[in-house]
Amino acid sequence: MQTLLPSGDTSPRHRTPSRSRTIKGMLVAAAASAALLTGLVPGGAQAADNPYQRGPAPSNSSIEASRGSYATSQTSVSSLGVTGFGGGTIYYPTSTADGTFGAIAISPGFTAYESSIAWLGPRLASQGFVVFTIDTNTTLDQPSSRGDQLLAALDYLTQRSSVRTRVDASRLGVMGHSMGGGGTLEAAKDRTSLKAAIPLTGWNTDTTWPEVRTPTLVIGADGDTIAPVLTHSKPFYNNLPSTLDKAYLELRGATHFTPNTSNTTIAKYSISWLKRFIDNDTRYEQFLCPIPAASLTIAEYRGTCPHGS
């Protein structure tokens with residue numbers, strides 16, 4: 001825009017900029033605006049329209065990698081210092097430059113300990129989450145009890161833990177294996193404010209979940225003989241509300257215990273689900289919709305796409 005000058009004023013400070021300088025300035029301004037819109041501004045600043053977005057733009061390689069972009073630390077929580085669950089380990093991004101993070105509590109299955117789901121801790125934390133892998137009060141606890149314990153762990157994490165200032169208490173999720181997966185559904189039923197739930201080869205005698213309001217990714221295994229998908233994971237998915245953001249992933253060539261060791265397919269789709277619904281990060285929608293096709297590692301995938309519509 002040209003500046004209006006007092007009549008007769010020809011001093012250098014009032015001269016109209018040259019055309020080349022004007023065009024250069026416009027290009028710089030346009031580049032800065034584009035960087036703001038895409039979240040690529042220096043210093044890890046986030047996109048203006050989503051204050052919860054964390055980390056660089058994702059790719060297949062970034063969500064399949066054994067570690068994400070965040071360096072992580074961990075701290076042990078003794079069962080003697082908590083109530084309602086059996087203690088565990090908290091994994092969290094070391095840097096605080098991006099502010100607070102969403103958080104996930106993860107339960108092991110029947111007769112199992114925290115160590116059986118420990119691989120998920122650093123893997124998810126390195127993608128920009130605070131992750132609490134827990135032990136249960138006893139290894140024989142049933143799904144309803146494990147659901148209560150997941151919620152108790154989240155309450156401890158957000159209210160009493162040494163990393164509570166790193167956690168956004170409004171953005172929480174739950175995961176669990178086997179009876180811990182059944183407990184994941186129980187927790188989502190009891191606390192509808194949860195942002196994401198992921199049962200891993202879940203087991204529960206209750207297969208109907210009309211009360212659930214939390215976006216849920218059900219992961220089953222085609223070779224599961226302990227919690228067969230026909231009597232557990234598929235009915236879980238089918239009986240979640242039709243209006244819910246939900247998906248069903250059936251692992252190919254997998255067993256009930258596949259979630260107990262590092263697994264790229266589980267990690268890839270769990271990260272995408274947690275990012276999409278805990279961080280409201282639509283950059284990850286591309287990995288969930290259109291529906292992923294059957295492959296060497298995926299026997300079947302169902303879902304309600306697009307999400308958040």
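Treat the numbers as computed from the prediction; the structure is a model and nothing was measured.

Cut-offs applied
- Residues numbered from 1 in each chain as written.
- Predicted model: local features only at pLDDT ≥ 70, side-chain atom pairs only at ≥ 80, totals over all residues.
- Heavy atoms only, no water.
- Helix = DSSP H or I, 4+ residues; strand = E, 2+ residues; numbered from the N terminus.
- Buried < 20%, exposed > 50% of the residue type's maximum accessible area, 1.4 Å probe, protein only.
- Contact = heavy atoms within 4.5 Å.
- Areas by Shrake-Rupley, 256 points an atom, 1.4 Å probe, with all protein chains shown as cover.
- Salt bridge = Lys/Arg side-chain N within 4 Å of Asp/Glu carboxyl O.
- Core = buried A, V, L, I, M, F, W, Y, C linked by side-chain atoms within 4.5 Å.

Caption draft 1: Structural detail: the overall build of the chain. Looking only at helices and strands, the chain features seven helices and nine strands. Here the chain holds 309 residues, and 51% of them are scored as buried. In the chain, of all internal contacts separated by at least 6 residues, the share reaching a separation of at least 24 is 68%. Accessible surface, the chain as shown: approximately 13,900 Å² in total, 55% of it carbon and sulfur.

Caption draft 2: Looking closely at the pattern of salt bridges. Counted under the stated rule, the structure contains 11 salt bridges. Across the pair Asp168 and Arg171 runs a salt bridge whose closest N-O atoms are separated by 2.9 Å. Relative accessible area serves as the criterion here: at 2%, Arg171 is assigned to the buried category. Linked through salt bridges whose partners overlap, the residues forming this network are Asp168, Arg171, Lys275 and Asp279.

Caption draft 3: Layout of the nonpolar core. Ranked by size, the top nonpolar core spans 37 residues in total, and within it Phe85, Ile90, Val130, Phe132 and Leu157 carry the most contacts. If you list the elements that add at least two residues to this core, you get β2 (88-93), β3 (101-107), β4 (130-134), α4 (143-159), β5 (167-177), α5 (179-190) and α6 (233-238). When residues of this core are assigned to their parent elements, the largest contribution, seven residues, is made by α4. Residue contacts for Leu157: discarding those within four places in its chain leaves Ile90, Ala103, Val130, Phe132, Val163, Arg164 and Val167. Judged by nonpolar contacts, the second largest core, of 36 residues, contains Ala254, Leu274, Leu288 and Ile298.

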